[in-house]
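# Understanding the architecture of this molecule
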Amino acid sequence: ESVFEKSELEKNKSLSELAVQVAHDIRSPLAALESLTKSSASFPPSEKAVVETIVQRIRKIADNLIEKFKNTEPGTRPETTDDLLPIIEEVFEETRIRYAENTLLRLKLNAEMFRASASIHPTELKRALSNIMTNAVEAIPADVGGEVEVSVRAHTQYSEITVSDTGVGIDA
């Protein structure tokens, strides 16, 4: 091994250890939030369900970090094949509830009848889709309104998820 390769391996090992530590550190406040949510009567049931779903998502992210970086060889990534629609519907519903006060915003989900599937970590898909949908919503002026549409299509060899919006876009 060259000095550069050793340095890269040490850096990757340090990064892996940091990721596992961050994941462990996330779990404590998450457990407190989960306990508070379950014991609080002040949350309306629909909001309580959303908070519980978000807590579960954060927990899965932490678990995913541990799984990804603990006892795995660099470059390997365990994957699972999942039906995409329940995952997409969960993120869509979270986004709808998060932006429910914006009455000028329309969220639309179009999914084909065929099962769309992919070999992917569900947590990674949720995180990516949530970020994309948030960006799409934030691109729409709140005082003007607009639409965010999520489409899901199953193809022979792959599945396609499209997020489009009527927002202002990015200047080139």
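Everything numeric in this text was worked out from a predicted model, so none of it was measured.

Let us now look at the sheet that holds strand S2 (residues 105-111). Within the open sheet, the three strands sit side by side as S2-S4-S5. Their pairing is mixed. Of all strands in the sheet, those bounded by a partner on one side alone are S2 and strand S5 (159-165). On average, adjacent strands in this sheet sit at an angle of 10° to one another, irrespective of strand direction. As paired strands, strand S4 (residues 146-154) and S5 are joined by seven bridges and run antiparallel to one another. Opposite Val152, over in S5, you have Ile161 as the bridge partner. Where helix H3 (residues 84-98) meets the sheet, it contacts S2, S4 and S5, and its direction lies at approximately 175° from that of S2.

What follows covers the packing of helix H2 (residues 45-69) against H3. At a minimum axis distance of 11 Å, the contact between H2 and H3 shows a crossing angle of 130°. Relative to H3, H2 is oriented oblique. Here the hand of the crossing between H2 and H3 comes out left-handed. Together, Val50, Thr53, Ile54 and Arg57 of H2 and Glu90, Glu94 and Ile97 of H3 make up the contact between the two elements.

The rules behind these values
- Residues numbered from 1 in each chain as written.
- Predicted model: local features only at pLDDT ≥ 70, side-chain atom pairs only at ≥ 80, totals over all residues.
- Heavy atoms only, no water.
- Pairing = 2+ DSSP bridges.
- Helix = DSSP H or I, 4+ residues; strand = E, 2+ residues; numbered from the N terminus.
- Axes fitted to C-alpha atoms, helices over the stretch in contact; angles between N-to-C directions.
- Contact = heavy atoms within 4.5 Å.
- Parallel < 35°, antiparallel > 145°, perpendicular 65-115°, else oblique.
- Left-handed = near helix turned anticlockwise from the far one by under 90°.

Everything listed here is a matter of coordinates, which is why it stays silent on function.
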